[in-house]
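The primary structure of each chain is shown beneath.
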Amino acid sequence: MIFSKPHQHLLSAAYSCYTAKLSVFILTTNSMTRLYTRLLFSCLLLLSLIVACQRPVTLTRPYFPPKGDNWTRLSPEKAGMNAALLDSAVSFAKTQETTQMKPDFSTQEEIFGKLLGPMPTSRAATNGLILRHGYIVAEWGDTRAVDPTYSVAKSILSTLVGISHERGMIPDIHEPVAKLIHDGGYESEQNRAVTWENHLRQTSEWQGELWGKNSDFLGKEAFGRGERKPRTLQKPGTFYEYNDVRINRMALSLLRLWKKPLPEVVREQLMNPIGASDTWQYIPYPTAVAEVDGKQMPSVSGGTRWGGGLRISARDLARFGYLIEQKGRWQDQQIVSADWIKQATTGNLVGPDYGYLWWLNTGNAPGGKKPWPDAPSTSFAALGAGSNTVWIDPEHDIVIVWRWHNGSPNELIRRVLAAVRD
């Protein structure tokens, strides 16, 4: 067993105590034996306490942080990681400030097209944190900054669909949305076959306009660098296209199911149970208002492409990621079922490595290339422009939140996994 230097000094003192008293014990008379026997046992007790100090700390597993900032930090060594290698990984992360999104968001419309909702005037620099067994083992930058998280919001909407399904509000996600939603959005020949699963896999091919944006993504003014060329629509479920208009349509359908604004649903069903802060906001476009049971209600988007969207801190994102890593359970509450998490993080052969609005690493998609070659095939992530990343590794019990970086999560993942010792 290898002891630290302070413990080596204590051990040496204990050993000296032991040998000295043992020598006296042998030479003394019977009347002195009892005294030195007590001294001997005192030395042996000190020695046993020193040895106990070297035993690994027993962690509470699973650990769930309480609400607020009292989130327990664990040294890398106690979390089974190499401190020097982990420090090196964090040092690398700090150098990878994004070049895609300017700090004042002045290039937002150039990249994505005409805004529909508000944007903040500034954002934090690159920041993030690493969880191991639920404990914080590394943190850098302003992880309390409340910033747009772009398409990470899609993975939160996916979780809401799971909760809706388990409550019986969506009895079968393989059935057409038109069976439950009757607002005119699913009545055309193209749209009536669209299922909830098609929306979740981005294979819906839903056709139409919503909140001033058309699902065809035609036109530079409306879609910026993201504009697309005309093409023939395919049968729902047969063609993958990453399309925010269609996810916004799914969010509107969820609003009609819940009959209350989705930010309230997210707060009640997801954020409050996991102890998230009260700083996050889910901001709709001002024009995104639907009538539900005679009331005007705002409908949210699946990202911040055209403004608004989910604004949240890295710490609150880490709570969400840890909930999913724990198979939908937080302490004694099953917020979303483990079966749903498994289903949501299972891909198919249409499109890339993609689940239910989660990015996967199986390498089973056409081409067989893994997004994070140095990571386990069981890992997955919520990703948003910027880049905003919530990467989840059930195999190593690790969650990484990394915000405003330059778009290569594998380089950080590789360095973090190199630090894992057990």
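This one's a predicted model, so the numbers in the text were calculated from it and none came from an experiment.

Calculation rules
Residues numbered from 1 in each chain as written. Predicted model: local features only at pLDDT ≥ 70, side-chain atom pairs only at ≥ 80, totals over all residues. Heavy atoms only, no water. Axes fitted to C-alpha atoms, helices over the stretch in contact; angles between N-to-C directions. Helix = DSSP H or I, 4+ residues; strand = E, 2+ residues; numbered from the N terminus. Parallel < 35°, antiparallel > 145°, perpendicular 65-115°, else oblique. Left-handed = near helix turned anticlockwise from the far one by under 90°. Contact = heavy atoms within 4.5 Å. Nonpolar A, V, L, I, M, F, W, Y, C, P; charged D, E, K, R; others polar. Core = buried A, V, L, I, M, F, W, Y, C linked by side-chain atoms within 4.5 Å. Buried < 20%, exposed > 50% of the residue type's maximum accessible area, 1.4 Å probe, protein only. pLDDT = per-residue confidence, 0-100. 1 Å grid on protein atoms, 1.4 Å probe; cavity = no way out; pocket = protein on both sides within 12 Å on 5 of 7 lines; lining within 4 Å. Points joined across faces, edges and corners; volume = space filled by probe spheres on them. Pairing = 2+ DSSP bridges. Polar contact = N/O pair within 3.5 Å; in protein donor to acceptor, adjacent residues only side chain to side chain.

Bringing the packing of helix α3 (residues 83–94) against helix α12 (residues 409–418) into the picture now. Closest axis-to-axis distance for the α3/α12 pair is 8 Å, and the angle between their directions is 165 degrees. Relative to α12, the element α3 lies roughly antiparallel. When you trace α3 past α12, the crossing you get is left-handed. Two secondary-structure elements touch here, α3 through L85, L86, A89, F92 and A93 and α12 through E411, L412, R415, V416 and A418. When its residues are assigned to classes, the contact of α3 with α12 shows eight nonpolar, no polar and two charged.

Ranked by size, the top nonpolar core spans 114 residues in total, and within it I130 and L254 carry the most contacts. If you tally residues by element for this core, the top one is helix α8 (residues 244–258), at nine residues. In contact with L254, other than residues within four places in its own chain, are L157, L160, V161, S164, I170, W196 and L262.

Okay, the confidence of the model for the protein chain next. Regions with low pLDDT carry predicted coordinates that are not meant to be interpreted in detail. Summary statistics for the protein chain give a mean pLDDT of 89 and a share of 86% for residues scoring 70 or more. Ignoring residues within four places in sequence, the model shows residues 1–33, a span with pLDDT below 50, making 31 contacts including any to other chains. Contacts for the low-pLDDT stretch residues 43–57, under 50 throughout, to residues beyond four places or in other chains number 21 contacts.

This brings us to unusual backbone geometry. In this structure, S387 follows G386 across a cis peptide bond, with omega equal to -5 degrees. As for its position among the elements, S387 is in the loop between β13 (380–384) and β14 (388–393). With a phi close to 60 degrees, H133 is a non-glycine residue in the positive phi region. Among the secondary structure elements, H133 is positioned in the loop between β1 (127–132) and β2 (135–140). One non-glycine residue, K327, adopts positive backbone phi at about 60 degrees. Assignment of secondary structure puts K327 in the loop between α10 (314–325) and β10 (329–330).

A word on empty space enclosed by the protein. In total, this model carries one cavity of 30 Å³ or more according to the counting rule given. In this structure, the largest cavity encloses a volume near 30 Å³. Surrounding the largest cavity, T389, W391, I400, W402, P409, L412 and I413 form its lining. Looking at the lining of the largest cavity, the elements that each hand over two or more residues are β14, β15 (398–403) and α12. Ranked by the residues each element gives to the lining of the largest cavity, the list is headed by α12, at three residues. Considering only residue class, the lining of the largest cavity consists of six nonpolar, one polar and no charged.

Further remarks concern the sheet that holds strand β6 (residues 281–283). Spatially, the three strands line up as an open sheet ordered β3-β9-β6, and their pairing is antiparallel. Of all the strands in the sheet, the pair left with one neighbour each is β3 (147–148) and β6. Examined bridge by bridge, β3 and strand β9 (residues 309–312) share two bridges and lie antiparallel to one another. Bridged to D147 within β9 is I312.

Judged by its relative accessible area of 5%, H133 is buried. Within the local environment of H133, its side chain forms a polar contact with the side chain of D397, the two groups lying 2.8 Å apart.

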